[in-house]
Amino acid sequence: MRSRQRVRVALIVGSVAFLAPIWISVYLAWNQAIANEKQAGLAYARDVMRRSEDTADQFSEAIRRLNHDHLVPCSPQEIELMRQIDISSSHLQMIARISGEVIECTSLGTVQPIYVGKPTLMTEHGTQEWVHFNLSPQQSNRLGLLSRDGVAVLIDPASVIDIQKDGKDVGLSLVVPSTNDHVRIVDSGGNFRPGWFRPAAPGSAISFMDDGYIISQVRSRKLDLAAFCVMPRFEAYTQVRHFVAIFVPIGLLCGCGLAWAVMYIARTRSSLPAMLRTAARRRQFYVEYQPVIETATRRCVGAEALVRWKLDGSVIGPGNFVPLAEESGVITQITENVISIVARDLPSLLHQDPAFRVAINLSATDLRSMATIGLLKELLLTSGGSPRNIIIEATEHGFLQGPRSREVIAGIRSLGFDVAIDDFGTGYSSLSCLQNLDLDILKIDKAFVDSIGTDGATSQVVLHIMNMAHSLKMCMVAEGVETESQARFLESRGVEFAQGWLFGKPQSIDALCRLLLEWKQPEKPAAIPMPQPRRAVV
Ligand code: C2E
Ligand code: CA
Ligand code: CA
């Protein structure tokens, strides 16, 4: 992914990371507030229903007591009994004897007949109801009259909805489900709509939202009644404000943390190529040379230039930045740095040994650019070396970059540089690559050298590689030689050159020059280990 693309993705992910926790917290707060409002609505509706059922129970009890004693209807004894029932029943305003549509006497002592007209409705249980009943023209509040088994009671429906509402905009209704249009016995707020009635089992309690309202419905277990609580949805906002005050700061904190982490990762990732570019400009890259020895003589005949990056006092190996440098194109500047360092160091090496050879690693990007040839020409000019003093190394991947890389390689070889295939055997098309490309040196990868002396299948492959190099008349350099037995085996198989920790780790130009100097002075001990039967030939 290109760095601009990466920054764009980071911005998107960062924004999502920032907004998502806030959005989630508001969403959760809203859901929680709605759930709370539904619970509150159901609690109000249950309260209404409890009061209604209590009223119905008191009515049933009045009927039972009046009809049980078989007193003479409207006799002073019965009126006295009515009075006692009236006093002891909190929900009943008046008890009366009724016949058809005429009240004959009441607990208030009235004995004149009162015509009450046609009842508003008849419930499933045979109770007749006069909704909005007026006992006298002076009566201000509207009462309800219930009648069954010759007994009538006057009730105040307002008392069943006279509930503490905690300042909320709550509408309470008591309706008779079995009637057309669900006749309302009582309705506070007046916003109940018959269409909100939901057929549900007796005793059930449900809550739902419609048209900006939260509606809670409770059905009586034993009566033909349903209590409703209707609240505007905005009642939940006040709750949300409360939740938002808790959740949003938490969401903001999480969001900021996440966004910061995403941006930090993106910035360090996207800024690494920029850092590499700056490092190349400031020449923060340097080179260490790993000695290459001739296996037959154990003489140091060359070295491989390996790039290093010094950043804030610590050294970073090429494995950690070369792949990203290749991806971002900074490798070209790094190669320029390495070539100019080699150009600076080569004269002191040639001073020790005019035939000394330095290997330079080129990337796939370098092999696609004709400018590389120009850089190598300049190297020869500034260092005073000959093309025989320089070896160009590239991996199989580097060579297989199409016609342009073939052209560049041909150009390099035509200048007289030897070209080596690096890490040979680790790719897939190694054989065809070797046959098709005109190469001079084959570097046997450390993985194959490690297999020497083991029973693994790779130990057989190394023999094939050697045979192949012989038949193609290529010179061989074994990499990563760490033991004496590996060195002896390689020599016995005609591998001309080797490098590895057995002979020397990558080191500074000064250390390498000192090593070469030691070799020139026979009285000093050799720096490179020697096999017992041999003696070094300088
Ligand atoms: P390479 O070209 O295969 O280099 C050999 C690597 O093996 C080096 O690692 C070296 O330090 C390590 N090595 C040598 N002998 C031994 C040994 O006996 N044992 C072990 N365990 N390791 C040994 P280094 O320096 O970390 O380089 C890694 C890779 O980075 C190189 O592999 C090469 O592909 C790349 N590289 C290094 N310098 C440059 C450069 O200037 N330009 C480019 N394009 N790539 C470079
Ligand atoms: Ca190499
Ligand atoms: Ca290698």
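Use the structure listed above.
So, here is what we can say about the structure in this document. (Residues numbered from 1 in each chain as written. Chains lettered and ligands numbered in written order. Predicted model: local features only at pLDDT ≥ 70, side-chain atom pairs only at ≥ 80, totals over all residues. Heavy atoms only, no water.)

**Re the packing of helix α5 (residues 331–352) against helix α14 (residues 509–520)**
Inference 1: Running from amino to carboxyl end, α5 crosses α14 at an angle of 10°, the nearest separation of the two axes being 9 Å. Classified by the interaxial angle, the pair formed by α5 and α14 is roughly parallel. Of the residues in α14, those in contact with Asp345, Ser348, Leu349, His351 and Gln352 of α5 are Ile509, Leu512, Cys513, Leu516, Leu517 and Lys520. (Axes fitted to C-alpha atoms, helices over the stretch in contact; angles between N-to-C directions. Helix = DSSP H or I, 4+ residues; strand = E, 2+ residues; numbered from the N terminus. Parallel < 35°, antiparallel > 145°, perpendicular 65-115°, else oblique. Contact = heavy atoms within 4.5 Å.)

**Examining the coordination of the calcium ion (ligand 2)**
Inference 1: Surrounding the calcium ion (ligand 2) are the protein donor atoms Glu304 (OE), Asn361 (OD1), Glu393 (OE) and Asp422 (OD), at 2.1 to 2.3 Å.
Inference 2: Mapped onto the sequence, the residues coordinating the calcium ion (ligand 2) show the spacing E-x56-N-x31-E-x28-D. (Donors = N, O, S within 2.8 Å, 3.2 Å for Na, K, Ca; no water.)

**As for the state of the cysteines**
Inference 1: For the structure on display, the rule yields one disulfide.
Inference 2: Free of any disulfide, Cys300 has its nearest neighbouring cysteine sulfur in Cys513, separated by 10 Å. (Disulfide = S-S within 2.5 Å.)

**Structural notes on the sheet that holds strand β1 (residues 92–99)**
Inference 1: Read from one edge to the other, the open sheet built from seven strands follows the order β3-β2-β1-β7-β6-β5-β4, with strand pairing classed as antiparallel. With one partner strand each, in any of the chains shown, β3 (114–115) and β4 (121–122) form the two edges of the open sheet.
Inference 2: Relative to strand β2 (residues 102–106), β1 runs antiparallel, the two sharing four bridges. In the strand pairing of β2, Ser99 is matched with Val102.
Inference 3: Packing of helix α2 (residues 76–88) onto the sheet brings it into contact with β1 and β2, and relative to β1 it is tilted by some 150°. (Pairing = 2+ DSSP bridges.)

**Regarding the packing of aromatic side chains**
Inference 1: All told, the structure shown has seven aromatic pairs when counted by the stated rule.
Inference 2: With a centroid separation of 4.6 Å and 55° between ring planes, the pair formed by Phe192 and Phe228 is classed as tilted. Here Phe228 lies in strand β12 (residues 226–232) and Phe192 lies in the loop between β9 (184–187) and β10 (205–210), a separation of 36 residues in the sequence. In this pair, the class of Phe192 matches that of Phe228, namely buried. (Phe/Tyr/Trp six-rings, centres within 6.5 Å; stacked < 30°, edge-to-face > 60°. Buried < 20%, exposed > 50% of the residue type's maximum accessible area, 1.4 Å probe, protein only.)

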